[in-house]
Amino acid sequence: MSKTKEEGATRRNFLKLAGTAAPAAVAAASLSGKAEASELPTDETRMQDTAHTRAYIESTRF
């Protein structure tokens, strides 16, 4: 069996690109300038402090 050379990107070339693209994206994001703080969730999205939720949290502790 002879292997033929295929035109286009190969799996190995894709993995090389993926391995170098991820750190480059992180570096670009860290050098982008100022960071914005996320807003705290409102009371509507937080878990309510009830006896039921306290019992659940207590049951999940080790």
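Refer to the preceding data block for the structure.
Summary of the structure given here. Bear in mind the structure is a predicted one, so any value in this text is a computation, not a measurement.

Topic: the overall build of the protein
In step 1: Each helix and strand in the protein was counted, giving two helices and zero strands.
In step 2: Counting only residues that meet the buried cut, the protein has 2% of its 62 residues in that class.
In step 3: Carbon and sulfur atoms make up 58% of the accessible area of the protein, which totals about 6,800 Å².

Details of the pattern of salt bridges
Close approach of charged atoms allows side chains of opposite charge to pair.
In step 1: On inspection of all chains with the given rule, the structure shows two salt bridges.
In step 2: Close ionic contact of Asp 49 with Arg 54 constitutes a salt bridge, the shortest N to O distance being 2.6 Å.
In step 3: The exposure class of Arg 54 is exposed, given its relative accessible area of 51%.
In step 4: For Arg 61, the salt bridge is made with Glu 58, and the minimal N-O distance between the two is 3.0 Å. The exposure classification of Arg 61 matches that of Glu 58, with both residues exposed.

What about helix 1 (residues 11-30)?
One turn of the α-helix equals 3.6 residues, which is why residues spaced by three or four share an orientation.
In step 1: Given a rise of 1.5 Å per residue, 20 residues ought to cover 28 Å, and the 29 Å separating the end C-alpha atoms of helix 1 matches this to within 8%.
In step 2: Where burial is concerned, little of helix 1 is hidden: zero out of the 20 residues are buried.

Some points on the side chain of Thr 53
In step 1: Its place among the elements puts Thr 53 in helix 2 (residues 51-60).
In step 2: Residue classification places Thr 53 among the buried residues on the basis of a relative accessible area of 17%.
In step 3: When neighbours within four sequence positions are excluded, Thr 53 is seen to be in contact with Met 47 and Gln 48.

Re the environment of Asp 49
In step 1: Residue position: Asp 49 is located in the loop between helix 1 and helix 2.
In step 2: According to the relative accessible area criterion, Asp 49 is exposed, its value standing at 56%.
In step 3: Separated by 2.6 Å, the side chains of Asp 49 and Arg 54 make a polar contact.

The rules behind the values
Residues numbered from 1 in each chain as written. Predicted model: local features only at pLDDT ≥ 70, side-chain atom pairs only at ≥ 80, totals over all residues. Heavy atoms only, no water. Helix = DSSP H or I, 4+ residues; strand = E, 2+ residues; numbered from the N terminus. Buried < 20%, exposed > 50% of the residue type's maximum accessible area, 1.4 Å probe, protein only. Areas by Shrake-Rupley, 256 points an atom, 1.4 Å probe, with all protein chains shown as cover. Salt bridge = Lys/Arg side-chain N within 4 Å of Asp/Glu carboxyl O. Expected span 1.5 Å × (residues − 1). Contact = heavy atoms within 4.5 Å. Polar contact = N/O pair within 3.5 Å; in protein donor to acceptor, adjacent residues only side chain to side chain.

Function cannot be inferred from these measures alone, as they are strictly geometric.
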